[in-house]
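Reading the structure
If you want the building blocks of each chain, they are given just below.
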Amino acid sequence: MKPYRHGSKEKAEAFFLDGMTQVMHRLVEQAHPAFPVAIYYAFKQSESDDEEGAASTGWDTFLAAVIDAGFAISGTWPMCTERGSRSIGIGTNALASSIVLVCRARAASAPTASRGEFVRALKAELPAGVRLLRGLAADRLSAKSYPLFATTGIAPVDLAQAAIGPGRAVCTRFAKVLDVEGRPLSVREALALINQTLDEALAEQEGDFDTDSRFAVAWFEQSGFDEGDFGVADVLARAKNTSVAGMVDAGILVSGRGKVRLLKPAELSADWDPVADPRLTAWEMVHHLVRVLEAGGEPAAAALVARLGAKAEIARELAYRLYTVCERKKRAAEALSYNALVQSWPEIVRLAGESGSGAGPAQASLI
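One structure accompanies this document, and this report is about it. The numbering scheme is per chain: residues are counted from 1 as the chain's sequence reads. Given that this is a predicted model, residues contribute local features only at a pLDDT of at least 70 and side-chain atom pairs are listed and counted only at 80 or more, while totals for whole chains, interfaces and linings are drawn from all residues. Computation of side-chain values covers all heavy atoms of the structure but excludes hydrogens and water.

Re the overall build of the chain
- Counting from the N terminus, the helices are DSSP H or I runs at least four residues long and the strands are E runs at least two residues long. The secondary structure content of the chain amounts to 13 helices and 10 strands.
- Only protein chains enter the calculation, and the probe is 1.4 Å; a residue is then buried if its accessible area is under 20% of its type maximum, exposed if over 50%, and partly exposed in between. A burial count over the chain gives 45% of its 367 residues as buried.
- Contacts spanning at least 24 positions in sequence make up 69% of the contacts within the chain whose residues lie at least 6 apart.
- For the accessible areas, the method is Shrake-Rupley and the probe is 1.4 Å, while residue cover comes only from the protein chains on display. For the chain, the computed accessible surface area is about 18,800 Å², with 54% contributed by carbon and sulfur atoms. Contact between two residues is taken to exist if any of their heavy atoms lie within 4.5 Å; hydrogens are not considered.

Shown next as structure tokens:
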């Protein structure tokens, strides 16, 4: 939408959204109940103040138009659709990606729910949806029905957006979700609850990690790869049932002069062998994989995955978790590394499989 065609940015946005709401109503009227409707959304995100003084985005308003028209949203799929080198994108903040919404007409008999009922349904259903999106299908039926996601998973950078699909599916099965004062829950409030539940679901997986890695995740969330006080690290280590000295021996951090710091991938030993490591941690696996992927590409990472065997999968889970931490803490450089590892994972696993079981010194160099 070009603002100069309508007199101002605000008028252009209002024209677009008013027209889109009418289109949504028509689509609901024409939709066949046996088939979903796919809506291709390509609208640059912006913020403005609404009547209550809260920030409102074009995405929020667009979702509200879709829902108010009578659609239930069951999927939101991010797609990289625009070339950064196209003429309009050079030197501007032009649109870089698009989203496909998968919708069905909401049943006329859809019930009304309280905010508490909505939150309970989210907590019960969203974690399973997230596991499926991440390629961790919990049962054979899910793996059979969604073979792509059961084997590859969606990139971490797209997970938050894709998780809106299962979250909105819970929300839009109801005609309305009412807050404690009996007012309909806004799209912005529902999205906040979905994102909160997503964070909780990702945090719960930390129970699958070893104690050293649980310490490292908590320390990374607080300090990143920067130095922190030894006393603070010691208290946290005790809470996680590990020790600073033990993690120094494990090769995941350095400690001295009252300071503690996690080792960066580039600082890790190039001759590390996971098979011979007496204190193997998920944290080590992820960061050695980042190191070899950045230094030697997917073939080098595949050689390491072959050495790790079944243990490699826990590294992918941790990479997802660390990406969400980086995104929340605005650590772009680290976020790119974790996202690149997960995006490359299908090819890494394929190459590792071609090399056979892979246990032995005859493997390719780990860089």
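On we go from here.
Focus on the pattern of salt bridges
- Any Lys or Arg side-chain nitrogen found within 4 Å of a carboxyl oxygen on Asp or Glu counts as a salt bridge. Within this structure, the stated rule accounts for 14 salt bridges.
- Linking Arg183 and Asp179 is a salt bridge whose minimum nitrogen-to-oxygen distance equals 3.4 Å.
- On the accessibility criterion, Arg183 (48% relative accessible area) is partly exposed.
- The closest approach of N and O atoms between Arg350 and Glu347, which form a salt bridge, is 2.5 Å. With a gap of three residues between them, Arg350 and Glu347 both fall in helix α13 (residues 332–354), about one helical turn apart.
- By relative accessible area, Glu347 is classed as partly exposed at 27%.
- Salt bridges sharing partners connect three or more residues here, namely Asp179, Glu181 and Arg183.

Description of the sheet that holds strand β9 (residues 253–256)
- For two strands to count as paired, DSSP must find a minimum of two bridges between them. Taken together, the three strands give an open sheet; going across it, the order is β8-β10-β9, and neighbouring strands pair in antiparallel fashion. The outermost strands of the open sheet, each flanked by one partner alone, are β8 (228–229) and β9.
- Together, β8, β9 and β10 (259–262) form the strand contacts of helix α8 (residues 211–223), whose direction differs from that of β10 by roughly 100°. Angles here are taken between N-to-C directions and fall from 0 to 180 degrees, while the axes themselves are lines fitted to C-alpha atoms, restricted in helices to the stretch in contact.

Quick word on the sheet that holds strand β4 (residues 71–79)
- Here we have three strands laid out as an open sheet, ordered β1-β5-β4, and antiparallel in their pairing. Of all the strands in the sheet, the pair left with one neighbour each is β1 (37–41) and β4. Between one strand and the next, the sheet's axes are offset by a mean angle of 25°, whatever the strand orientation.
- Sheet topology places β1 next to strand β5 (residues 98–105); five bridges connect them, and they run antiparallel. Within the sheet, the bridge partner assigned to Tyr40 lies in β5 and is Val100.

Points about the side chain of Asp277
- Structurally, Asp277 can be placed in the loop between β10 and α11 (282–308).
- All tallies of charge rest on Lys and Arg as positive and Asp and Glu as negative; His and the ends of each chain are not included. Arg279 provides the closest opposite charge to the buried, unpaired Asp277, separated from it by 7.7 Å.
- Residues adjacent in sequence count toward polar contacts only when both atoms are side-chain atoms; beyond that, a polar contact is any pair of N or O atoms within 3.5 Å, and within protein one must be able to donate a hydrogen and the other to accept it. A polar side-chain atom of Asp277 sits 2.8 Å from a polar atom in the side chain of Trp272.
- Within the structure, Asp277 has its side chain in polar contact with the backbone nitrogen of Arg279 (distance 2.8 Å).
- Sequence-distant contacts of Asp277, that is, excluding residues within four places in its chain, are made with Trp272 and Glu284.

Digging into the nonpolar core
- By size, the foremost hydrophobic cluster in this structure holds 92 residues, and its most contacted members are Leu101, Phe118 and Trp283.
- If one sorts the elements of this core by residue count, α11 sits on top with 15 residues.
- Residues within four places of Trp283 in sequence aside, it is in contact with Ser213, Ala216, Val217, Phe220, Phe225, Ile252, Leu262, Leu318 and Leu322. Note on terminology: a nonpolar core comprises buried Ala, Val, Leu, Ile, Met, Phe, Trp, Tyr and Cys residues joined through side-chain atoms within 4.5 Å.

Some details on the pairing of β10
- Relative to β10, β8 runs antiparallel, the two being bridged by two bridges. Following the sheet pairing, Gly228 is matched in β10 by Val260.
- Sheet analysis places β9 next to β10, joined by four bridges and oriented antiparallel. Its bridge partner being in β10, Val254 is matched across the sheet by Arg261.
- Hairpin connection between β9 and β10: a loop of two residues separates the two successive antiparallel strands, and Arg257 in this loop has a positive phi of roughly 55°.

Overview of the packing of α8 against helix α12 (residues 312–329)
- Contact geometry for α8 and α12: axes closest at 10 Å, N-to-C directions at 15°. Classified by the interaxial angle, the pair formed by α8 and α12 is roughly parallel. As for the relative orientation of α8 and α12, their crossing is right-handed in sense. Contacts between α8 and α12 involve Val217, Phe220 and Glu221 from the former and Leu318, Arg321, Leu322, Val325, Cys326, Arg328 and Lys329 from the latter.
- Here the term charged refers only to Asp, Glu, Lys and Arg, the term nonpolar to Ala, Val, Leu, Ile, Met, Phe, Trp, Tyr, Cys and Pro, and the term polar to all other amino acids, Gly among them. Looking at side-chain class alone, the contact of α8 with α12 contains six nonpolar, no polar and four charged residues. Reported orientations rely on four angle classes, namely roughly parallel under 35 degrees, roughly antiparallel over 145, roughly perpendicular from 65 to 115, and oblique for the rest. Rotating anticlockwise by less than a right angle from the far helix to the near helix defines a left-handed crossing, while the corresponding clockwise rotation defines a right-handed one.

Focus: the side chain of Thr281
- Among the secondary structure elements, Thr281 is positioned in the loop between β10 and α11.
- Ignoring anything within four residues of it in the chain, the contact list for Thr281 reads Asp210, Asp212, Ser213 and Ile252.

Topic: unusual backbone geometry
- Positive phi is not limited to glycine here, since Asn241 has a value of about 65°.
- Note that Asn241 resides in the loop between α9 (230–239) and α10 (244–250).
- Although it is not a glycine, Lys330 adopts a positive phi angle of roughly 60°.

Here's the deal with the environment of Glu200
- Here Glu200 shows up in helix α7 (residues 187–204).
- Residues Glu200 and Pro127, 73 residues apart in the sequence, show an inter-C-alpha distance of 8.7 Å.

Read these as spatial facts, not as claims about activity.
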